[in-house]
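Structural description and commentary
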Amino acid sequence: MFKHLGVVGAGTMGAGITHAAALTNTDVMLYDINDTILRRALERIKTDLRTGVKKGKITQEQMTEAVTHIHPRTSLSDLHSCDFVVEAAIEDLRVKKDLFKHLETSVKTSTILATNTSSLSVTAIASVLHRPERVVGMHFFNPAHIMKLVEIIAGRNTSRETVQKAFDLSKFLGKVPVVAKDTPGFIVNRVARPFYGEALRLLGENVATHEQIDRIVKSIGGFPMGPFELMDLIGIDINFSVTQSMFDQYFGEPRYRPHPIQKQMVDSNLLGRKTGRGFYEYSDEKAG
Amino acid sequence: MGKAKRKSDQRSAVSGQTSGGRAVLSIIGDSPLVEEYAELCGSKGYDVVVVRDSKGKGQKSKAFRETGAIPPETSLALELTNTDLPAKRKNIEQLSKALSPATAILSSSITVTATQQSSWIDKKHRLVGFGALPGFLDRALVEVAPTVFSPPETIEVVRTFFHSLGKEIEIVQDRVGMVLPRILCQIINESIFALQDDVASPADIDTAMKMGVNYPLGPIEWADRIGFKNVYAVLSALEDDLREDRYRVAPLLKQMAEGGDWWKQSGTTS
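What counts, and where the lines are drawn
Residues numbered from 1 in each chain as written. Chains lettered and ligands numbered in written order. Predicted model: local features only at pLDDT ≥ 70, side-chain atom pairs only at ≥ 80, totals over all residues. Helix = DSSP H or I, 4+ residues; strand = E, 2+ residues; numbered from the N terminus. Buried ≥ 20, exposed ≤ 12 C-beta atoms within 10 Å, placed from the backbone. Contact = placed C-beta atoms within 7 Å. Nonpolar A, V, L, I, M, F, W, Y, C, P; charged D, E, K, R; others polar. Expected span 1.5 Å × (residues − 1). Domains from an automatic or database assignment. Core = buried A, V, L, I, M, F, W, Y, C linked by C-beta atoms within 7 Å. Pairing = 2+ DSSP bridges. Axes fitted to C-alpha atoms, helices over the stretch in contact; angles between N-to-C directions. Parallel < 35°, antiparallel > 145°, perpendicular 65-115°, else oblique. Left-handed = near helix turned anticlockwise from the far one by under 90°. Arc of directions from axis to C-beta.

The next subject is the overall build of chain B. For chain B, the helix and strand inventory stands at ten helices and eight strands. Counting over 270 residues, chain B shows a buried share of 47%. Long-range contacts, defined here as pairs at least 24 residues apart, represent 64% of the contacts in chain B between residues at least 6 apart.

Taken together, the 38 residues of chain B in the interface contact 39 residues of chain A. Sorting the residues of the side of chain B that touches chain A by element identifies β7 (141–145), α6 (180–196) and α7 (202–212) of chain B as the ones contributing at least two each. At nine residues, α6 of chain B tops the list of elements feeding residues into the side of chain B that touches chain A. The residue inventory of the side of chain B that touches chain A, partitioned by class, reads 20 nonpolar, six polar and twelve charged.

Moving on to helix α8 (residues 193–204) of chain A. Residue and element names in this part refer to chain A. Under the 1.5 Å per step criterion, the end-to-end length of α8 is 16 Å for twelve residues, consistent within 8% with the ideal 16 Å. With ten of twelve residues buried, α8 is to be regarded as a mostly interior element. Within α8, burial applies to Arg-193, Pro-194, Phe-195, Tyr-196, Gly-197, Glu-198, Ala-199, Leu-200, Arg-201 and Leu-202. Where α8 terminates, the next one or two residues include Asn-206, which has phi positive at roughly 65°.

For chain A, the assigned domains are domain 1 (4–181) and domain 2 (194–275). Relative placement of domain 1 of chain A and domain 2 of chain A: their C-alpha centres are 30 Å apart.

This brings us to the nonpolar core. Within the largest apolar cluster, 157 residues are counted, with the highest numbers of intra-cluster contacts made by Val-85 and Ile-187 of chain A together with Ile-27, Val-179 and Val-231 of chain B. Per-element accounting of this core gives the leading share, ten residues, to α6 of chain B. Ignoring sequence-local partners within four residues, the contact set of Ile-187 of chain A consists of Glu-151, Val-178 and Ala-180 of chain A together with Ala-194, Val-199, Ala-200, Asp-204, Ile-205 and Ala-208 of chain B.

Another point: the sheet that holds strand β8 (residues 176–181) of chain A. All names here are of chain A. The strand order across the open sheet built from eight strands is β3-β2-β1-β4-β5-β6-β7-β8, with neighbouring strands paired in mixed fashion. In this open sheet, the two strands that pair with only one neighbour each are β3 (70–73) and β8. Across this sheet, the average inter-strand angle for adjacent strands is 25°, counted without regard to direction. Where strand β6 (residues 135–140) meets strand β7 (residues 149–154), four bridges bridge the pair, whose relative direction is antiparallel. Note that in β7 the partner of His-139 across the bridge is Glu-151.

Turning our eyes to something else, we now look at the packing of α6 of chain B against helix α8 (residues 219–226) of chain B. Residues and elements named next belong to chain B. Packing of α6 against α8 brings their axes to within 9 Å, and their N-to-C directions diverge by 120°. The pairing of α6 with α8 is recorded here as oblique in orientation. When the axes of α6 and α8 are compared, the crossing they make is left-handed. In contact with Ile-187, Ile-188 and Ser-191 of α6, α8 contributes Pro-219, Ile-220, Trp-222 and Ala-223.

Right, let's talk about helix α3 (residues 85–98) of chain B for a bit. Residue and element names in this part refer to chain B. Its 14 residues place the ends of α3 20 Å apart at the C-alpha level, agreeing with the 20 Å of an ideal helix rising 1.5 Å per residue. For α3, every residue scored as buried is listed here: Lys-88, Asn-91, Ile-92, Leu-95 and Ser-96. End-on view of α3: buried residues confined to an arc of 130°, all on one side of the axis. Opposite the packed face of α3, turned more than 90 degrees from it, sit the exposed residues Pro-86 and Lys-97. Lining the buried residues of α3 we find β1 (24–29), β4 (76–80), β5 (104–108) and α4 (114–118).

This part covers the domain arrangement of chain B. Accessible area lost upon the coming together of the parts serves often as the stated size of an interface. Residue and element names in this part refer to chain B. The domain architecture assigned to chain B consists of domain 1 (3–171) and domain 2 (180–259). Listed per partner, the contact involves ten residues of domain 1 and ten residues of domain 2. Partitioning the side of domain 1 that touches domain 2 into residue classes produces four nonpolar, five polar and one charged.

With that settled, the discussion passes to the environment of Leu-253 of chain B. Residues and elements named next belong to chain B. Relative to the helices and strands, Leu-253 resides in helix α10 (residues 251–258). Distance from Leu-253 to Lys-60, taken between C-alpha atoms, is 33 Å for residues 193 residues apart in sequence. Filtering out sequence-adjacent residues up to four positions away, Leu-253 remains in contact with Asn-189, Ile-192, Phe-228, Val-231, Tyr-232 and Leu-235.

Residues and elements named next belong to chain B. Within the open sheet, the eight strands sit side by side as β3-β2-β1-β4-β5-β6-β7-β8. Their pairing is mixed. Edge positions in the sheet fall to β3 (64–67) and β8 (168–171), since each of these pairs with one other strand and no more. Across the sheet, the mean angle separating the axes of adjacent strands is 30° when strand polarity is ignored. With four bridges joining them, β7 and β8 adopt parallel strand pairing. When the sheet's bridge partners are listed, Leu-141 is paired in β8 with Glu-168. Lying on the sheet, helix α2 (residues 33–43) is in contact with β1, β2 (47–51), β3 and β4; it crosses β1 at an angle near 165°.

Only a minority of non-glycine residues have a phi that is not negative, and only a minority of peptide bonds are not trans. With an omega of -5°, the peptide bond running from Asn-142 of chain A to Pro-143 of chain A counts as cis. Put simply, Ser-31 of chain B and Pro-32 of chain B share a cis peptide bond, and its omega is -5°. Residue position: Pro-32 of chain B is located in the loop between β1 and α2. Even without being glycine, Asn-25 of chain A reaches a positive phi, approximately 60°. In this fold, Asn-25 of chain A is placed in the loop between α1 (12–22) and β2 (27–31). Phi is positive for Arg-243 of chain B, close to 50°, though the residue is something other than glycine. Relative to the elements of secondary structure, Arg-243 of chain B occurs in the loop between α9 (228–242) and α10.

Let us now look at the environment of Arg-131 of chain A. Along the chain, the position of Arg-131 of chain A falls in the loop between α5 (122–126) and β6. With 26 residues separating them along the chain, Arg-131 of chain A and Asn-157 of chain A place their C-alpha atoms 8.9 Å apart.

What follows covers the pairing of strand β4 (residues 84–87) of chain A. Successive side chains on a regular strand alternate, one facing one side of the sheet and the next facing the other. Residue and element names in this part refer to chain A. On β4, burial covers both faces: Phe-84 and Val-86 on one face and Val-85 and Glu-87 on the other are all buried. Summarising the sheet, strand β1 (residues 4–8) and β4 pair through four bridges and their orientation is parallel. Across the sheet, the residue bridging to Val-7 is Val-86, located in β4. Relative to strand β5 (residues 112–115), β4 runs parallel, the two sharing four bridges. Residue pairing across strands places Phe-84 opposite Ile-112, the latter belonging to β5.

Shown next, in the form of structure tokens:
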């Protein structure tokens, strides 16, 4: 059904999507601006595939076969044969708009153009095209070769057929697609906001310590991680900017208001695991 | 300091054997929470009495008996009303009148603080709040909210009682919503706002949260399990207490709490 898939952007998400597609023996044209980035992405995919073999998720043969289906490319015109292109460039509206303008002239008129975004408006990205009806959002979750969920985002002008094709591709890749309207945060990032926001409010109001809140949420709620552990893992700066972005996109809706604790921690470079300290200390792990 | 007197007021044998038989535990409040607690406490060896105005018409359980009057020999009382605060107040007042001052009252304090509840009675030292919602009784932890009037002895009675049920306690400040109910019900509220805004179908919202961020249950199925009436009670208590738009209850959630389960069959995409 999808003989040639294009993936634009060979970062973490692009590599993960390529990985997932190559395992279905789909030929993937992986595009990025230079060979160095592409080589690094390929190494990353190979490492992840090897991990999959070690864990018994895939066989050695599947791994070898998958690698033959990945075709690194540095010219967008090489994506001409693709029926479906997933763009996974950086989360910057201007960059994405620019890419889509170029993509439209590089591919067939029937090609579906998907954007992997967690925070930008699919409608805004599609607005630069002559045919915005063939643009759809596909929000993959990191790591994209493992996480099953894909949020399929129907923009204001996305056609039903385009949504259906994105749905079909997700299924074809072994994913679980859900369909959401093009609204800030879509489903997951929106509905998850109170998990962090209320925990921060409880901490700020001194109802309980962060350790207690994590313990209660895990032990009584059955969540795999507490909100403070999870903010440390995600990065307190990242979590803060997602919240800030939701708050701005909803024009100051108080449910999405960030908490001063977040800002203070970002100001003091307590960003979580990556700096060795966030709500918890990670002294035995490498900082920086 | 009156500490000695207080001590003599407390009966520390709540979880153990009182002389001449099993400890009598009186339970009063909302269904199905009352039945959940009665079954659990019965299975742990307590002589459980469910206090109801009208005798239950449902099937009889071996784990507990039902009466219309509060047994005076009660050694610990549980008040489990979250939805109807006037009824809760009546229950607390009746328990306080019927029982000796040495008997502790453990009362759900999610929708009204334990401190406020203790203002309804004279012997304020006997009342301690805790977090009780349907669907969490198999968990190894429970939130407990003492008040400024709760002496260490009362808290020990509570700790011993929950230990006897196989639970540890986490002592938190006495605030509306406590910790888990506040976080969870706000997640549910947001999911219903998303549903109301027609962002996605109920099934897709649940799937997205389970698979995208590993929630043990989807927020909508979770609300269904806890009961939309209970979720609404928690959220509107938060709204009243905190008086911020952040705690505005989704109008659709209110309808779901009032209108039964019509929404389960209805298509949501317009």
